[in-house]
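Residues per chain, in single letters:
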Amino acid sequence: QVQLVESGGGLVQAGGSLRLSCAASGRTFSSYAMGWFRQAPGKGRELVAGISWRGGNTYYTASVKGRFTISRDNAKNTVYLQMNNLKPEDTAVYYCAAANTNVVHTTWMQYDYWGQGTQVTVAA
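Parameters and conventions
- Residues numbered from 1 in each chain as written.
- Predicted model: local features only at pLDDT ≥ 70, side-chain atom pairs only at ≥ 80, totals over all residues.
- Heavy atoms only, no water.
- Salt bridge = Lys/Arg side-chain N within 4 Å of Asp/Glu carboxyl O.
- Helix = DSSP H or I, 4+ residues; strand = E, 2+ residues; numbered from the N terminus.
- Buried < 20%, exposed > 50% of the residue type's maximum accessible area, 1.4 Å probe, protein only.
- Contact = heavy atoms within 4.5 Å.
- Polar contact = N/O pair within 3.5 Å; in protein donor to acceptor, adjacent residues only side chain to side chain.
- Phe/Tyr/Trp six-rings, centres within 6.5 Å; stacked < 30°, edge-to-face > 60°.
- Disulfide = S-S within 2.5 Å.

Caption draft 1: Seen up close, the pattern of salt bridges. Under the definition given, this model contains three salt bridges. A salt bridge links arginine 38 to aspartate 90; the nearest nitrogen and oxygen atoms lie 2.9 Å apart. Residue arginine 38 is located in strand β4 (residues 33-39), and its partner aspartate 90 is located in the loop between β8 (78-83) and β9 (92-99); the two are separated by 52 residues in the primary sequence. The residue arginine 67 makes a salt bridge to aspartate 90 at a minimum N-O spacing of 2.8 Å. You can see arginine 67 sitting in the loop between β6 (58-60) and β7 (68-73) and its partner aspartate 90 sitting in the loop between β8 and β9, a full 23 residues away along the chain. Look at aspartate 90 and you get buried, because its relative accessible area is 1%.

Caption draft 2: Layout of the environment of threonine 118. Take threonine 118: it is sitting in strand β11 (residues 118-123). Residues within four places of threonine 118 in sequence aside, it is in contact with Glu6, Gly9, Leu20, Ala92, Val93 and Tyr94. In this structure the side chain of threonine 118 is engaged in a polar contact, spanning 3.3 Å, whose partner is the backbone nitrogen of glycine 9.

Caption draft 3: Examining the side chain of threonine 78 more closely. With respect to the secondary-structure elements, threonine 78 resides in strand β8. The class for threonine 78 is buried, based on a relative accessible area of 10%. At a separation of 2.8 Å, a polar atom in the side chain of threonine 78 contacts the main-chain carbonyl oxygen of lysine 76. If sequence neighbours within four positions are ignored, threonine 78 has contacts with Ser21, Cys22, Ala23, Phe29, Arg72 and Asp73.

Caption draft 4: Structural context of the packing of aromatic side chains. Here the structure, examined in full by the defined rule, presents five aromatic pairs. Ring centres of phenylalanine 37 and tryptophan 114 lie 4.9 Å apart, and the angle between their planes is 55°; on these two criteria the pair is classed as tilted. Taken as a pair, phenylalanine 37 in strand β4 and tryptophan 114 in strand β10 (residues 113-114) lie far apart in primary sequence, 77 residues in all. Assessed through its relative accessible area of 0%, phenylalanine 37 is described here as buried. For tryptophan 114, a relative accessible area of 25% puts it in the partly exposed group. For the pair tyrosine 95 and tryptophan 114, a centre-to-centre distance of 6.4 Å together with 80° between the ring planes defines the contact as edge-to-face. Of this pair, tyrosine 95 sits in strand β9 while tryptophan 114 sits in strand β10; the two residues are 19 residues apart in sequence, bridging distant segments of the chain. Tyrosine 95 sits in the buried class, given a relative accessible area of 15%. A connected cluster of aromatic rings, assembled from ring pairs, spans Phe37, Tyr95, Tyr111 and Trp114.

Caption draft 5: The arrangement of the state of the cysteines in detail. Across all of its chains, the model carries one disulfide by this definition. Disulfide pairing places cysteine 22 opposite cysteine 96 at an S-S distance of 2.1 Å. Taking the torsion about the sulfur-sulfur bond, which here is approximately -75°, the covalent link between cysteine 22 and cysteine 96 counts as left-handed. Taken as a pair, cysteine 22 in strand β3 (residues 18-26) and cysteine 96 in strand β9 lie far apart in primary sequence, 74 residues in all.

Okay, structure coming up:
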């Protein structure tokens, strides 16, 4: 089992920044590819960013490229999502997820463990 706990969400004005953190406990964190998903009201869950075991491979959905950065610190069992130049359309619940593979999968069904989510609200 892997337990994931997100933090860092909140309310921010458009153009502002937030950094989300996801602390993992349980099995070997470095054996999991990690992803940040988000889900806005009435919409499906989408992968925002993903990162492989040692951070060599990353993925970003088109709408966040150049604004968001995913990183991980395996020594601290933590993955981060730095979000800059936030827009109202970034408003959603953000979830951290772990997949027992080195491949950064883009669909939520391929992730094995999930955090409880953290709300990000961007005011216009």
